[in-house]
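For reference, the chains in residue letters:
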Amino acid sequence: MRPGSKFGEMVDVLFLSPPRRADGSNYLFNNATLSLASYLHRHGLDVRVEPLVGPTWPEQLEKAVLKYEPRWVAVSCKWWDTLFGATEVARRVKLVKPDCKVVVGGQTATSYASEIVRNTCIDAVIMGDGEVPLLELVQGKPSCNL
């Protein structure tokens, strides 16, 4: 945790699991998110994981972004029914904290990487395995799978 934040804790990466439905129902947590967060933490980064569940998910998102003031937000886009939620989460993150970078990953993100970067406010897509590429991206030295 870095001191000196105006509102919150200032973490390196905030992991968000997007809603699968507009009302936040039918939530299914992606365990890969925990694995990625643990990997980054073991490499010295400050990370937090926040699920977005239920009809108040937009407020949960805003509260988490303001509390943690992340440099990066990582959003799971594993299944086809998370594509809209992932892009909507990215849009809302940019409304709350425009300078925050947003990255997505997962099978669906990998399949539509070019379209996602070209047509949304998502800054990067990690294609395939995410551990090393995400770590390098957050450290400012990306070399693969982007």
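Conventions adopted
Residues numbered from 1 in each chain as written. Predicted model: local features only at pLDDT ≥ 70, side-chain atom pairs only at ≥ 80, totals over all residues. Heavy atoms only, no water. Helix = DSSP H or I, 4+ residues; strand = E, 2+ residues; numbered from the N terminus. Rg over C-alpha atoms; globule rule 2.2 N^0.38 Å. Buried < 20%, exposed > 50% of the residue type's maximum accessible area, 1.4 Å probe, protein only. Contact = heavy atoms within 4.5 Å. Pairing = 2+ DSSP bridges. Right-handed = clockwise from strand over helix to strand, strands pointing away. Axes fitted to C-alpha atoms, helices over the stretch in contact; angles between N-to-C directions.

(A) Local environment of the overall build of the protein chain. For the protein chain, the helix and strand inventory stands at six helices and five strands. Taken from N to C terminus, the helices and strands of the protein chain fall in the order β-α-β-α-β-α-β-α-α-β-α. Relative to its length of 146 residues, the protein chain is compact, with a C-alpha radius of gyration of 14 Å against a globular reference of 15 Å. Principal-axis analysis of the C-alpha atoms gives the protein chain an extent of 40 × 35 × 25 Å. Split into buried and exposed, the 146 residues of the protein chain put 47% on the buried side. Residue pairs at least 24 apart in sequence account for 65% of intrachain contacts in the protein chain once pairs closer than 6 positions are excluded.

(B) Structural detail: the pairing of strand S2 (residues 47-51). As paired elements, strand S1 (residues 13-17) and S2 share five bridges and run parallel to each other. The partner of Leu16 across the bridge, within S2, is Glu50. Between the parallel pair S1 and S2, the chain is carried across by helix H1 (residues 31-42), and the sense of this crossover is right-handed.

(C) Broad picture of the sheet that holds strand S4 (residues 101-105). Read from one edge to the other, the open sheet built from five strands follows the order S2-S1-S3-S4-S5, with strand pairing classed as parallel. On the outer flanks of this sheet lie S2 and strand S5 (124-126), each paired with one strand and no other. Averaged over all neighbouring strand pairs, the angle between strand axes comes to 25°, with direction disregarded. Here helix H6 (residues 131-138) sits on the sheet and contacts S1, strand S3 (72-76), S4 and S5; the angle it forms with S5, its principal contact strand, is near 150°.

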